[in-house]
Amino acid sequence: MTHPTPELRVGMVGYAFMGAAHSHAWRTAHRFFDLPLTPVMAAVAGRNADAVAAAAHTQGWASTETDWRALIERDDIDLIDICTPGNTHAEIAIAALKAGKHVLCEKPLANSVAEAQEMTAVAEEAARNGVFAMCGYSYRRTPALALAKRMVDDGRLGTIRQVRAQYLQDWLSDENAPLTWRLDKTKSGSGALGDIGAHSIDAAQFVTGQRITGVSALMETFTKERPVGGDLMGLGGHGDMAADARKGPVTVDDAVIFSARFDGGAIGSFEATRTALGRKNAMRLEVNGSLGSIAFDFEDMNFLQFYDGTDAEDARGFHRIMVTEPVHPYVGNWWPTGHGLGYEHGFTHQVADLLTALGSATQPTPSFADALAVQRVLAAVETSATNHSRWTTAETATEETR
Ligand code: SOE
């Protein structure tokens, strides 16, 4: 019997799509990765007592609370995992950190630069006392994207010149898809931009090691109002579609396109949309360097395309690397070569890396400061789009500069 590792007792706020994905990660990480801490799924909080009790049973939580504040007051909880809409992130994260609890907060960090700045300041103060915060940009923990970063860091692409990022979904192509919280700016902060474009921004900055310094953007909302109620994709709708024919206003973007400059000299083109009919979860990234290129599509997530410009001239072409070898990031902890991983594994890798960092009292990444850098780009995109695509720097953009 190996010596039992110390426990990390977790309290999760929210239990919809992200709560289910995070719960899977808390259940599995220590069973596939050698971790310095063993997670204990102590409690899940949600406003509806019956619904949160059902979620606790389904997802594996030992107890429930109907107010997130109760989680923060409990002395049998060490970490708060925030899986709620963006308008609640700042209040919960700041309260948790000030109470001495570690925080994992879903993306985007907040609904404004000001909130993200305050969260980052509180997190940096807490870190000085050994209490750490991480933001849940889980796509960077897809093995193929982690491999792409390793290749860039090892110089195998040479000088990075261009980034091409698309995140294409189509669950809002139907104009009768219901009005859920992701379509309400007061809850979600933005539409495709923050919901999925944020993943592309973080992944591009993570893989290239460069930060976006300025953008020029277009945003569009194709369907201006939608039926109230319904629960598309388990994303937290309300009421019964059939019983409620009312419509409400959509206050966020359906699609966004922007060009970008990076601080390392690269330039980029980005697109995020939830109305690209036929594209289900096509989170794509291509990076072109002076020596090589990589290309990734989450709809083919176990493969990374790699063009090596140093190959013999008669053998050059994109290699389709199956990222399932033990030498590849994370994969060795799972199955034999060729067996492949899925969407949920990025969340398990996220928890594994978080617990590894906490076990050595070091800052997990992406930190809130890393997530603030994404928030600034989101604000710059919205500022540019509301100012006739005017070039807008990320450092200065805030919601007030529109
Ligand atoms: C909806 O667009 C969504 O669930 C996003 O909110 C997630 O961040 C993404 O991983 C999958 O699509």
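Just so it is clear, the structure is predicted and the values come from calculations on it, not from any experiment.

## Things to note about the side chain of Gln 375
Consideration 1: Here Gln 375 lies in helix α10 (residues 368-385).
Consideration 2: Taking the relative accessible area as the measure of exposure, Gln 375 reaches 4% and is therefore buried.
Consideration 3: A distance of 3.5 Å separates the side chain of Gln 375 from the backbone nitrogen of Leu 109, its partner in a polar contact.
Consideration 4: The contact partners of Gln 375, leaving out residues within four places of it in the chain, are Pro 108, Leu 109, Ala 110, Asn 111, Ser 112, Val 113 and Ala 116.

## Some details on the nonpolar core
Consideration 1: By size, the foremost hydrophobic cluster in this structure holds 83 residues, and its most contacted members are Phe 258, Phe 270 and Phe 368.
Consideration 2: Among all residues touching Phe 258, those that are not within four sequence positions of it are Leu 193, Ile 201, Val 215, Ser 216, Ala 217, Gly 268, Ser 269, Phe 270, Val 377 and Val 381.

## Some words on the packing of helix α8 (residues 192-208) against α10
Consideration 1: Where α8 contacts α10, the axes come no closer than 10 Å and their chain directions differ by 125 degrees. On the basis of the axis angle, α8 is oblique to α10. Our pair here, α8 against α10, has a crossing hand that is right-handed. On α10, the residues that touch Leu 193, Gly 194, Ala 198, Ile 201, Asp 202 and Gln 205 of α8 are Ala 373, Val 374, Val 377, Leu 378, Val 381 and Glu 382.
Consideration 2: Across the contact of α8 with α10, the residue classes tally to eight nonpolar, two polar and two charged.

## Some words on the site of the ligand
Consideration 1: In the vicinity of the ligand, the contacting residues are Phe 17, Lys 107, Tyr 139, Tyr 167, Gln 169, Trp 171, Arg 182, Asp 195, Ile 196, His 199, Asn 281 and Tyr 343.
Consideration 2: In this structure, an oxygen atom belonging to the ligand sits 3.4 Å away from a side-chain N or O atom of Lys 107.
Consideration 3: Between an oxygen atom of the ligand and a side-chain N or O atom of Arg 182, the distance comes to 2.9 Å.
Consideration 4: When the ligand sits alone it has 300 Å² of accessible area, and the protein chains cover 96% of it.
Consideration 5: A per-element tally of the shell around the ligand places α8 first, with three residues.
Consideration 6: Built from parts of two domains, the shell around the ligand gets at least three residues from each of domain 1 (7-139) and domain 2 (143-342 + 375-386).

## Brief notes about the sheet that holds strand β2 (residues 38-45)
Consideration 1: As summarised here, the arrangement of the six strands in space is β3-β2-β1-β4-β5-β6, forming an open sheet in which the pairing is parallel. In this open sheet, the two strands that pair with only one neighbour each are β3 (63-65) and β6 (133-136). If you compare each strand with its neighbour and ignore which way they point, the axes differ by 25 degrees on average.
Consideration 2: Pairing geometry for strand β5 (residues 102-106) and β6, over four bridges, is parallel.

## With respect to helix α6 (residues 143-153)
Consideration 1: A large share of α6 lies buried, amounting to nine of its 11 residues.
Consideration 2: Turning to α6, its buried residues number three or more, namely Pro 143, Ala 144, Leu 145, Ala 146, Leu 147, Ala 148, Lys 149, Met 151 and Val 152.

## Here's the deal with the domain arrangement of the protein chain
Consideration 1: When the domains of the protein chain are assigned, the result is domain 1 (7-139) and domain 2 (143-342 + 375-386).
Consideration 2: Taking only C-alpha atoms into account, the centre of domain 1 sits 24 Å from that of domain 2.
Consideration 3: In this assembly, 18 residues from domain 1 lie in contact with 26 residues from domain 2.
Consideration 4: Each partner contributes to the roughly 1900 Å² buried at the junction of domain 1 and domain 2, and carbon and sulfur atoms together form 63% of this total.
Consideration 5: Ranking the residues of domain 1 by area buried against domain 2 places Phe 32, Tyr 137 and Tyr 139 at the top, with a combined share of 37%.
Consideration 6: Scanning the region where domain 1 abuts domain 2 turns up one salt bridge.
Consideration 7: In this structure, Asp 195 engages Lys 107 in a salt bridge whose closest nitrogen and oxygen atoms are separated by 3.8 Å.
Consideration 8: Linking domain 1 to domain 2 there are nine residue pairs in polar contact (both at pLDDT 80 or more).

What counts, and at which threshold
- Residues numbered from 1 in each chain as written.
- Predicted model: local features only at pLDDT ≥ 70, side-chain atom pairs only at ≥ 80, totals over all residues.
- Heavy atoms only, no water.
- Helix = DSSP H or I, 4+ residues; strand = E, 2+ residues; numbered from the N terminus.
- Buried < 20%, exposed > 50% of the residue type's maximum accessible area, 1.4 Å probe, protein only.
- Polar contact = N/O pair within 3.5 Å; in protein donor to acceptor, adjacent residues only side chain to side chain.
- Contact = heavy atoms within 4.5 Å.
- Core = buried A, V, L, I, M, F, W, Y, C linked by side-chain atoms within 4.5 Å.
- Axes fitted to C-alpha atoms, helices over the stretch in contact; angles between N-to-C directions.
- Parallel < 35°, antiparallel > 145°, perpendicular 65-115°, else oblique.
- Left-handed = near helix turned anticlockwise from the far one by under 90°.
- Nonpolar A, V, L, I, M, F, W, Y, C, P; charged D, E, K, R; others polar.
- Near = heavy atom within 4 Å.
- Areas by Shrake-Rupley, 256 points an atom, 1.4 Å probe, with all protein chains shown as cover.
- Domains from an automatic or database assignment.
- Pairing = 2+ DSSP bridges.
- Buried area = accessible area lost by both parts, 1.4 Å probe.
- Salt bridge = Lys/Arg side-chain N within 4 Å of Asp/Glu carboxyl O.

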